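# Working through the structure, step by step
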Amino acid sequence: MHSSNSLPSRAREKIDGLGLLLLRLWVGQEFALAGFRKLSSGWTAPSWFAGLDFPIFVGLLPASVNWGIAGVAELLLGIALVLGIASRTASLGLLFITYVAVYSVHFDLGWAGWNQIDSDDGLGFKVPLMLALMLVAIVTQGPGRWSFDSWRRP
């Protein structure tokens, strides 16, 4: 006979949402740091960025505007994700940024990943794809119970 107050049930209840919290913390800090690095280097897009082929609509903007928007969006949406504020919206915004990055930079560099991440060979689309899959999990599952989003709900 199992009781809803059994030790395994109580343990599961205590850790419910932990995976989503850790996922949000990891992905959010990655994007926030990327945005901070962009903004720390100034508002003028570097030459490598200015020479990229961007998808429609994004490509209509000057490179330095794209650089600034990407930096601010990565920073703010990353922080929102860490805190669990508007998590699904923040994740959708970061998914769009990831799409633009893969389209413009990473896809042509092929499938390269963790073992080459600190080299030019590590600029492929494997890592952005993994980040995108993590964002999809947050969009579809929500931020988890350890978030401002869940605390605001009645």
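Parameters at a glance
- Residues numbered from 1 in each chain as written.
- Predicted model: local features only at pLDDT ≥ 70, side-chain atom pairs only at ≥ 80, totals over all residues.
- Heavy atoms only, no water.
- Helix = DSSP H or I, 4+ residues; strand = E, 2+ residues; numbered from the N terminus.
- Buried < 20%, exposed > 50% of the residue type's maximum accessible area, 1.4 Å probe, protein only.
- Contact = heavy atoms within 4.5 Å.
- Areas by Shrake-Rupley, 256 points an atom, 1.4 Å probe, with all protein chains shown as cover.
- Salt bridge = Lys/Arg side-chain N within 4 Å of Asp/Glu carboxyl O.
- Phe/Tyr/Trp six-rings, centres within 6.5 Å; stacked < 30°, edge-to-face > 60°.
- pLDDT = per-residue confidence, 0-100.
- Core = buried A, V, L, I, M, F, W, Y, C linked by side-chain atoms within 4.5 Å.
- Expected span 1.5 Å × (residues − 1).

### Quick notes on the overall build of the protein chain
- Within the protein chain one finds seven helices and zero strands.
- What you see in the protein chain, going N to C, is helices and strands ordered as α-α-α-α-α-α-α.
- Burial status across the protein chain gives 36% buried among its 154 residues.
- A sequence separation of at least 24 residues applies to 66% of the contacts in the protein chain between residues at least 6 apart.
- A total accessible area of about 9,600 Å² is found for the protein chain, and carbon and sulfur atoms account for 67% of it.

### Observations regarding the pattern of salt bridges
- Under the defined criterion, the tally for this structure stands at one salt bridge.
- When the shortest N-O distance is used, the salt bridge between Lys-38 and Glu-74 registers 2.9 Å. Here the residue Lys-38 occupies a position in helix α2 (residues 18-40), and Glu-74 occupies one in helix α4 (residues 63-83), the gap between them amounting to 36 residues. Neither Lys-38 nor Glu-74 differs from the other in exposure class; each is buried.

### As for the packing of aromatic side chains
- Tallied over the entire structure, the rule returns seven aromatic pairs.
- With 5.6 Å between their ring centres and 85 degrees between their planes, Trp-48 and Phe-49 make a pair best called edge-to-face.
- Taking the relative accessible area as the measure of exposure, Phe-49 reaches 7% and is therefore buried.
- Linked through ring pairs, Trp-48, Phe-49, Phe-54 and Trp-67 together constitute an aromatic cluster.

### Overview of the side chain of Ser-91
- Mapping Ser-91 onto the fold places it in helix α5 (residues 87-106).
- Overall, Ser-91 belongs to the buried group, its relative accessible area being 0%.
- Residues within four places of Ser-91 in sequence aside, it is in contact with Leu-81, Leu-135, Ile-138 and Val-139.

### Considering the environment of Leu-129
- For Leu-129, the location among the structural elements is in helix α6 (residues 126-141).
- Judged by its relative accessible area of 34%, Leu-129 is partly exposed.
- Separated by 34 residues in sequence, Leu-129 and Leu-95 place their C-alpha atoms 9.8 Å apart.

### Observations regarding the confidence of the model for the protein chain
- Confidence in the prediction of the protein chain, expressed as mean pLDDT, is 88, and 88% of residues score 70 or more.
- Per-element averaging of pLDDT across the protein chain places helix α1 (residues 7-15) at the bottom with 83 and α4 at the top with 97.

### Focus on the nonpolar core
- Within the largest apolar cluster, eleven residues are counted, these being Val-27, Phe-31, Ala-80, Leu-81, Ala-90, Leu-94, Ile-97, Val-127, Leu-131, Leu-135 and Ile-138.
- Listing elements by their share of this core, those giving two or more residues are α2, α4, α5 and α6.
- Counting residues per element, this core draws most heavily on α6, at four residues.
- Not counting chain neighbours up to four residues away, the residues in contact with Ala-90 comprise Leu-77, Ala-80 and Leu-81.

### With respect to α4
- Across its 21 residues, α4 extends 30 Å between first and last C-alpha, which sits within 8% of the 30 Å expected from 1.5 Å per residue.
- Among the residues of α4, Ala-63, Asn-66, Trp-67, Gly-68, Ala-70, Gly-71, Glu-74, Gly-78, Ala-80 and Leu-81 are the ones counted as buried.
- Residues of α4 that are buried sit in contact with α2, α3 (47-50), α5 and α6.
- Directly after α4, the chain includes Gly-84, whose backbone phi takes a positive value near 75 degrees.

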